[in-house]
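Per-entry structural report
Next come the chains, spelled out residue by residue.
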Amino acid sequence: MTTIIDGDRIAGEIRGALEESIGALADHGVTPGLATVLVGDDPASQTYVNMKQRDCEEVGINGIHVDIDGDASPEELYDTIEELNADPEVHGYLVQDPVPEQIDYREVLRRIDPAKDADGFHPENVGRLVAGNARFKPCTPHGIQKLFSEYDIETEGADVTVVGRSDIVGKPMANLLMQKSQGGNATVTVCHSRTENLAEKTRRADVVIAACGVTELIDGSMISEGATVIDVGISRVETDSEKGYELVGDVDFESAKEKAGAITPVPGGVGPMTRAMLLYNTVKAASESEGVPVELP
Ligand code: NDP
């Protein structure tokens, strides 16, 4: 029997536990604050920030949103960043990527106060993660680690193949998996668009993590019997349905399910975990910056 990993359920449990942490902070007069900054009006980015704001409202985080004109100069955005760095009500924030071409996203990340870096993308936080001393783990890899622990999927000694080497998913995922700690100790292979014989690398893995943004790239023939398959990909594919599109992952779910021991669906797998871990990072930032220790899930 293949286990369908229920990200919605686990994310719901994490959010429930976070509500308790938020209650404990409230007892000390602290309300965690998360700000989102959107430069321009990219519809997908708008949807993402709306979801983040709704999540905040649901768990009792003070959500603050800043819209910046798509033609804004880098300096205008830097001014906002300085204001957010200085604002005591904002414990964590993020600038939604992608940003318009006149803005250098790396420079944006560098200017964010690392203690308020809710995504965990500031170079200082990247360095800390690589050194095994993470302050904020990036949300998607952190969420995947939580799924492993909830479903007793052992990474120690496992061969894990990560397909994708982006700064937000592939690289931090590989780093966390190779660390000498709980949820790590795996032997990691990282694949990308120049990898030759991808199927050979995925077939020998106990765990395959697909994060390449290529619709249904990984199918059942590319995984070994009983492997765990984590599908990070989210692509909108146009359909005749009422919505006009459906969300599709990087894994061909139907054929992969026949071989996998455990698999995440799209939607309802990794996506809700990413959202929950952003709330986690916000509560952690509030607890640490206000000096009020609380239990985190
Ligand atoms: P990027 O586009 O930044 O990175 C994609 C990576 O996949 C790159 O390293 C690229 O290689 C590699 N790649 C591309 N094509 C292939 C191929 N044919 N074979 C092997 N590797 C390939 O994407 P992200 O990491 O930001 O996102 C990946 C997917 O995950 C997207 O669908 C995105 O929407 C989704 N996503 C989902 C989240 C969630 O919460 N579920 C969160 C974040 C992202 P190279 O480096 O050589 O270009």
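Here the structure is a predicted model, which is why all the values come from computation and not from measurement.

**Observations concerning the overall build of the chain**
- On a plain count of helices and strands, the chain comes out with 10 helices and 11 strands.
- A compact globule built from 297 residues should have a C-alpha radius of gyration of about 19 Å, and the chain, at 19 Å, falls within 12% of that.
- With respect to the principal axes defined by its C-alpha atoms, the chain has extents near 50 × 40 × 40 Å.
- Counting only contacts in the chain whose residues sit at least 6 apart along the sequence, the fraction spanning at least 24 positions is 69%.
- Surface exposure of the chain reaches about 14100 Å², of which carbon and sulfur atoms provide 46%.
- Side chains of the chain carry 25 positive and 53 negative charges; the gap between the two charge centres is 7 Å.

**Points about the sheet that holds strand S3 (residues 62-68)**
- Pairing is parallel in the open sheet, where three strands are placed in the order S3-S2-S4. A strand with exactly one partner marks an edge of an open sheet, and here the two such strands are S3 and strand S4 (92-95). Shown here is a sheet whose adjacent strand axes are inclined to one another by a mean of 15°, direction ignored.
- Note that strand S2 (residues 33-39) and S3 share seven bridges and pair parallel.

**Here we look at the domain arrangement of the chain**
- Entries for the chain in the domain assignment read domain 1 (18-128) and domain 2 (139-270).
- Using only C-alpha atoms to locate each centre, domain 1 and domain 2 end up separated by 27 Å.

**Re the site of the ligand**
- Neighbouring the ligand are 20 residues, the closest being Arg165, Ser166, Ser193, Val232 and Thr274.
- Here a nitrogen atom of the ligand and a backbone polar atom of His192 are 3.4 Å apart.
- Here the ligand, which alone exposes 930 Å², has 69% of that area covered by the protein.
- Tallied by class, residues from the shell around the ligand come to 10 nonpolar, nine polar and one charged.

**Comments concerning the pattern of salt bridges**
- Applying the stated criterion across every chain, the model contains 12 salt bridges.
- Across the salt bridge formed by Asp55 and Arg275, the nearest N and O atoms sit 2.8 Å from each other. A residue pair is termed long-range when its members are at least 10 positions apart, and Asp55 in helix H2 (residues 43-59) and Arg275 in helix H10 (residues 270-290) qualify at 220 residues.
- On the basis of relative accessibility, which here comes to 2%, the residue Asp55 falls in the buried class.
- A salt bridge links Arg135 to Glu124, with the nearest nitrogen and oxygen atoms 3.3 Å apart. With Arg135 in the loop between helix H5 (123-130) and helix H6 (139-150) and Glu124 in helix H5, this pair connects stretches of sequence that are 11 residues apart.
- Accessibility expressed as a relative area gives 17% for Arg135, which makes it buried.
- Shared partners join several salt bridges into a network, and the residues in it are Arg15, Asp55, Glu58 and Arg275.

**Let's talk about the packing of H6 against H10**
- Between H6 and H10, the shortest axis-to-axis distance is 8 Å and the interhelical angle comes to 110°. Judged on the interaxial angle alone, H10 and H6 are roughly perpendicular. Side by side, H6 and H10 meet where Cys139, Thr140, His142, Gly143, Ile144, Lys146 and Leu147 of the first sit next to Val270, Met273, Thr274, Met277, Leu278, Tyr280 and Asn281 of the second.
- The class makeup of the residues in the contact of H6 with H10 is eight nonpolar, five polar and one charged.

**Points about the sheet that holds strand S8 (residues 228-231)**
- Spatially, the six strands line up as an open sheet ordered S1-S11-S8-S7-S5-S6, and their pairing is parallel. What marks the edges here is a single partner per strand, and that holds for strand S1 (3-4) and strand S6 (187-191).
- As defined by bridge partners, strand S5 (residues 159-163) adjoins strand S7 (residues 207-210) across four bridges and the pair is classed as parallel. Residue Val163 lies in a different strand from S7, and its bridge partner there is Ala210.

The rules behind the values
Residues numbered from 1 in each chain as written. Predicted model: local features only at pLDDT ≥ 70, side-chain atom pairs only at ≥ 80, totals over all residues. Heavy atoms only, no water. Helix = DSSP H or I, 4+ residues; strand = E, 2+ residues; numbered from the N terminus. Rg over C-alpha atoms; globule rule 2.2 N^0.38 Å. Contact = heavy atoms within 4.5 Å. Areas by Shrake-Rupley, 256 points an atom, 1.4 Å probe, with all protein chains shown as cover. Lys, Arg positive; Asp, Glu negative; His and termini not counted. Charge placed at Lys NZ, Arg CZ, Asp CG, Glu CD. Pairing = 2+ DSSP bridges. Axes fitted to C-alpha atoms, helices over the stretch in contact; angles between N-to-C directions. Domains from an automatic or database assignment. Near = heavy atom within 4 Å. Polar contact = N/O pair within 3.5 Å; in protein donor to acceptor, adjacent residues only side chain to side chain. Nonpolar A, V, L, I, M, F, W, Y, C, P; charged D, E, K, R; others polar. Salt bridge = Lys/Arg side-chain N within 4 Å of Asp/Glu carboxyl O. Buried < 20%, exposed > 50% of the residue type's maximum accessible area, 1.4 Å probe, protein only. Parallel < 35°, antiparallel > 145°, perpendicular 65-115°, else oblique.

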